[in-house]
Amino acid sequence: MDILKRFEVSYYPSGEEAVELTLCFDNGSPFTFIKRSSALKVGKLVELIKPEEFGGLGGGVFQSKQSIHLHVKLLEFWCRHWSYVVEDETMEKAYDILVGHDFMQRYGIKLLPHQGDIEIDEVRLRLAQRVR
């Protein structure tokens, strides 16, 4: 089950110039992907040295030629994360960012599929903000 939620996303650690985007939480994806058009609303894209190839979305092979370092507001924290940028048609129209378990594990997000919701572990989220 896909869980869609809207969150503020910014290019800046302080959250300035944030835009509201729809995130799809998918524990079947090891990586986080953002549509190119959505990434351009957030900030500057970074060219990858070589395109990265992936499989799965849309039942086929796709690639990313760029990435973006973005910040998602979870509770009161702006949580940083590198995301692969993909062409818009690679993902469903219903969401802007496909959140993989790389992001969910880092920030203590648990899927609650029967409720169509997520749970954020505030203790883990706070710990993820510090270098230990």
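Up top is the structure.
All of the points below concern the structure found in this document. By convention here, each chain's residues receive numbers from 1 onward along its written sequence. Only residues with pLDDT of at least 70 get local features here, since the model is predicted, and only at 80 or more are side-chain atom pairs given and counted; chain-wide, interface and lining totals rely on the full set of residues. The basis for every side-chain value is the complete set of non-hydrogen atoms in the structure, without hydrogens or water.

### Points about the pattern of salt bridges
Short version of the rule: Should a side-chain nitrogen of Lys or Arg be within 4 Å of a carboxyl oxygen of Asp or Glu, the pair is scored as a salt bridge. A run of H or I in DSSP counts as a helix once it spans at least four residues, and a run of E counts as a strand once it spans at least two, with each numbered from the N terminus. Burial status follows relative accessibility: with a 1.4 Å probe on protein chains alone, a residue under 20% of its type maximum counts as buried, one over 50% as exposed, and anything between as partly exposed.
Following the criterion strictly, the structure yields four salt bridges and no others. Asp117 is the salt-bridge partner of Lys5, the closest N and O atoms lying 2.9 Å from each other. Here Asp117 lies in strand S9 (residues 117–120) and Lys5 lies in strand S1 (residues 3–10), a separation of 112 residues in the sequence. In this structure Lys5 comes out as partly exposed when scored by relative accessible area, which is 26%. By relative accessible area, which is 28% here, Asp117 ends up partly exposed. The salt bridge partner of Glu20 is Arg6, with a shortest N-O separation of 2.8 Å. Of this pair, Glu20 sits in strand S2 (residues 19–25) while Arg6 sits in strand S1; the two residues are 14 residues apart in sequence, bridging distant segments of the chain.

### Let's talk about the packing of aromatic side chains
Two aromatic rings are characterised by how far apart their centres lie and by the angle between their planes. Applicable threshold: Side-chain rings of Phe, Tyr and Trp, where Trp is taken by its six-membered ring, are said to pair if the distance between their centres is within 6.5 Å; with planes under 30 degrees apart they count as stacked, over 60 as edge-to-face, and otherwise as tilted. Criterion for a charge above a ring: Lys NZ or Arg CZ within 6 Å of the ring centre, and within 35 degrees of the ring normal.
Scanning the model with the defined rule gives 10 aromatic pairs in all. When the ring of Phe33 is compared with that of Phe54, the centres are 4.9 Å apart and the planes differ by 85°; the resulting orientation is edge-to-face. Here the residue Phe33 occupies a position in strand S3 (residues 33–35), and Phe54 occupies one in strand S4 (residues 46–55), the gap between them amounting to 21 residues. Just as Phe33 is buried, Phe54 falls in that class too. A residue is classified by how much of its surface remains accessible, and Phe33, at 3% relative accessible area, is buried. A connected cluster of aromatic rings, assembled from ring pairs, spans Phe31, Phe33, Phe54, Phe62 and Tyr84. Between Lys35 and the ring centre of Tyr95, over which it is positioned, the NZ or CZ distance is 6.0 Å.

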